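Descriptive structure summary
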Amino acid sequence: MAYIENLALSRLARQCGLVISMAALTGALAAPVAYGGTTQPDTTLQVLHWWTSASERKAATLLAARLADEGVVWRDAGIPGGAGIGAGKVLKSRVLANDAPEVTQIIGVSIKEWADLGFLLELDKVASTNKWNTVFFPTIQNLIQHRKHVVAAPLGIHRTNTLFYNRKIFTSLKLSPPESWDELVVVAARLKAAGVIPLAQSSEPWQVATLFENLILAESGPDYHRELFVKQNAQAVSDKRFVQALERLRQMKGWMNNPVDERVWPEVVRQFARNEAAMMITGDWVKGELNEGGFATDEAFSCTAMPGTARYHLYSVDTFSMFTNDYSRVAAQEKLARLVATPAVQAEYNAVKGSVSVRRDADPAKMDSCARASWTTFAQGAAVQAPSLVHRMATDETSKDAIIAVIHRYFIDGNVSIAETQAKLAAMYRAFSSNRKTNQ
Ligand code: GAL
């Protein structure tokens, strides 16, 4: 067992670019476990996640309270950094130090990466007792499984192709929410002419790439989005739809703050909420944040889909995985897994978080207009669903980060041409594909 753990740790160390000796690992494994069974009761779970904004904290607190009702203590380890950019790094270093938290927000393809290393608790018993194979949408079931074992518990589905618009500004300028690219261009021009910043946006790489994958989806739909970001087909990069999405990304830069500064996403939400920008295109965690800030849905703001994507759902599904560690917390870990997927917690938690239920038996009549549109669209199945690149639904961590970096560079630096960007990405896809063949 220890030998298998050592191998997994050294593989992880290689992935993190660390050189680590087997002797050092043996030493680390022999070191006392930080939250070992003797010092803490078995009912305490440390939960590592990246929910640090006001609404995210509220959603986490709600889960902690429900868990406390069942006699389990949630020990919070929130790591700042939108889209988990900080939490992912912290998790890797903690696992290497043999200090893995009992519960972690691990999402999308990352679940399989961690499960492959052999660290994750199998939740098959919870899944079968609670009929997870029938109550969840099929996409959710696929996400939480690895080699026929359930290794994650789902929390909620975010829609990343959401356009938020400020109702006060739209009403005073007699604007209607745009449904197509051409309408969006007209709306942006009217806003600019009135002295209003059309789009609140940050230049943080993941926030730029979120906008870009919206443009890709709008150009083409889920199939092409998958060709590009799941299959990473080098030929898809030379497609004219890719060129057009890049052109539009640069055009949109003219609708943002000048310069587009690098701000955390809640800061961008505050700009929008202060009526200092008329629209935002991103995930519906923004809705949770607006609601928590006192702005009710369909009063101060409304949401619609990114123009051209009304039929589609660019999804990011939040999930918790459990680290086995010394197996002393399994009962509490299973309690948490069961609890988060119950109808009551799903309804309560998702209403705060801005996401929607992972369950097919949720009641859309009890949701607000944004959530209802999201849930009913997602319910239509895989043909309308696109797995978000930025939120780890499409590909592994390393390729995701590399793709985001190329798009970000193009966005930031006006001297980088479309042709250069295409060449770089195509070369990268060819390299990924030959790496995969070598590793098979
Ligand atoms: C996503 C996650 C959301 C939200 C967002 C912003 O990856 O699914 O829950 O936290 O990042 O950080």
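Shown above is the structure to which this text applies.
This section reports on the structure supplied with the text. (Residues numbered from 1 in each chain as written. Predicted model: local features only at pLDDT ≥ 70, side-chain atom pairs only at ≥ 80, totals over all residues. Heavy atoms only, no water.)

1. A word on the state of the cysteines
- Per the counting criterion, the structure on display carries one disulfide.
- Between the sulfur of Cys303 and that of Cys370 lies a disulfide, 1.8 Å long from S to S. Of this pair, Cys303 sits in strand β10 (residues 301-305) while Cys370 sits in helix α18 (residues 369-378); the two residues are 67 residues apart in sequence, bridging distant segments of the chain. Considered together, Cys303 and Cys370 belong to a single accessibility category, that of buried residues. (Disulfide = S-S within 2.5 Å. Helix = DSSP H or I, 4+ residues; strand = E, 2+ residues; numbered from the N terminus. Buried < 20%, exposed > 50% of the residue type's maximum accessible area, 1.4 Å probe, protein only.)

2. Details of the sheet that holds strand β9 (residues 277-282)
- The strand order β8-β9-β7-β10 describes an open sheet built from four strands, whose pairing is mixed. In the strand order of this sheet, the two ends are held by β8 (197-199) and β10, each with one partner. Mean inter-strand twist for the sheet, computed between neighbouring axes without regard to direction, equals 20°.
- Examined bridge by bridge, strand β7 (residues 162-166) and β9 share four bridges and lie antiparallel to one another. Its bridge partner lying in β9, Phe164 is registered against Met280. (Pairing = 2+ DSSP bridges. Axes fitted to C-alpha atoms, helices over the stretch in contact; angles between N-to-C directions.)

3. Points about the packing of helix α14 (residues 265-273) against helix α15 (residues 285-292)
- Closest axis-to-axis distance for the α14/α15 pair is 10 Å, and the angle between their directions is 60°. Classified by the interaxial angle, the pair formed by α14 and α15 is oblique. The interaxial crossing formed by α14 with α15 has right-handed handedness. In this structure, α14 uses Trp265, Pro266, Val269, Phe272 and Ala273 to contact α15, whose residues at the interface are Trp285, Val286, Glu289 and Leu290.
- Within the contact of α14 with α15, the residues separate by chemical class into eight nonpolar, no polar and one charged. (Parallel < 35°, antiparallel > 145°, perpendicular 65-115°, else oblique. Left-handed = near helix turned anticlockwise from the far one by under 90°. Contact = heavy atoms within 4.5 Å. Nonpolar A, V, L, I, M, F, W, Y, C, P; charged D, E, K, R; others polar.)

4. Some words on the side chain of Asn161
- With respect to the helices, strands and loops of the structure, Asn161 is situated in the loop between β6 (153-159) and β7.
- Taking the relative accessible area as the measure of exposure, Asn161 reaches 0% and is therefore buried.
- Side-chain polar atoms of Asn161 contact the side chain of Arg159, separated by 3.3 Å.
- From its side chain, Asn161 meets the backbone oxygen of Tyr312 in a polar contact 3.0 Å long.
- Here Asn161 is in contact with Asn214, Leu217, Thr282, Thr304, Ala305, Met306, Thr309, Tyr312, His313 and Leu314, once residues within four sequence places are set aside. (Polar contact = N/O pair within 3.5 Å; in protein donor to acceptor, adjacent residues only side chain to side chain.)

5. A short note on the site of the ligand
- In the vicinity of the ligand lie 13 residues, with Glu56, Ala83, Asp318, Lys353 and His391 positioned nearest.
- Taking Trp50, its side chain carries an N or O atom lying 3.3 Å from an oxygen atom of the ligand.
- The side chain of Glu56 places a nitrogen or oxygen atom 2.6 Å from an oxygen atom of the ligand.
- If the ligand stood free it would expose 300 Å²; the protein chains cover 100% of that surface. (Near = heavy atom within 4 Å. Areas by Shrake-Rupley, 256 points an atom, 1.4 Å probe, with all protein chains shown as cover.)

6. Describing the nonpolar core
- Membership of the largest hydrophobic core comes to 69 residues, with the highest contact counts inside it found for Met252 and Met279.
- If you tally residues by element for this core, the top one is helix α11 (residues 205-220), at seven residues.
- The residues touching Met252, leaving out its near neighbours within four places in the chain, are Trp181, Leu184, Leu199, Leu211, Leu215 and Ile281.
- Core analysis: the next-biggest nonpolar cluster, separate from the first, contains 68 residues, Ala64, Ala87, Ala152 and Val330 among them. (Core = buried A, V, L, I, M, F, W, Y, C linked by side-chain atoms within 4.5 Å.)

7. Examining the packing of aromatic side chains
- On inspection of all chains with the given rule, the structure shows 16 aromatic pairs.
- For the pair Tyr315 and Phe378, a centre-to-centre distance of 5.6 Å together with 90° between the ring planes defines the contact as edge-to-face. Of the two residues, Tyr315 is situated in strand β11 (residues 313-322) and Phe378 in helix α18; the sequence distance between them amounts to 63 residues.
- Overall, Tyr315 belongs to the buried group, its relative accessible area being 6%.
- Given a relative accessible area of 1%, Phe378 falls into the buried group. (Phe/Tyr/Trp six-rings, centres within 6.5 Å; stacked < 30°, edge-to-face > 60°.)

8. Thoughts on the side chain of Glu397
- One can find Glu397 in helix α19 (residues 397-412).
- Apart from the residues lying within four places of it in its own chain, the contact partners of Glu397 are Lys92, Ser110, Glu113 and Arg392.

9. Details of α19
- For α19, spanning 16 residues, the distance from its first C-alpha to its last is 22 Å, which sits close to the expected 22 Å at 1.5 Å a residue.
- Close packing links the buried residues of α19 with α4 (85-96), α5 (109-116), α11, α12 (222-229), α13 (240-253) and α20 (418-439). (Expected span 1.5 Å × (residues − 1).)

10. A short note on the pairing of β11
- Across the ten residues of β11, ten count as buried, placing the element largely inside the fold.
- Burial of the side chains of β11 extends over both faces: His313, Tyr315, Val317, Thr319 and Ser321 are buried on one face and Leu314, Ser316, Asp318, Phe320 and Met322 on the other.
- As paired strands, strand β3 (residues 103-105) and β11 are joined by three bridges and run antiparallel to one another. When the bridges of β11 are listed, Gln105 appears paired with Phe320.
- Alignment of β6 against β11, held across six bridges, turns out to be antiparallel. Within β11, the residue paired with Ile157 across the bridge is Val317.
- Where β11 lies against strand β12 (residues 385-387), three bridges are found, and the strand directions are parallel. Among the inter-strand pairings, Tyr315 is bridged to a residue of β12, identified as Pro387.

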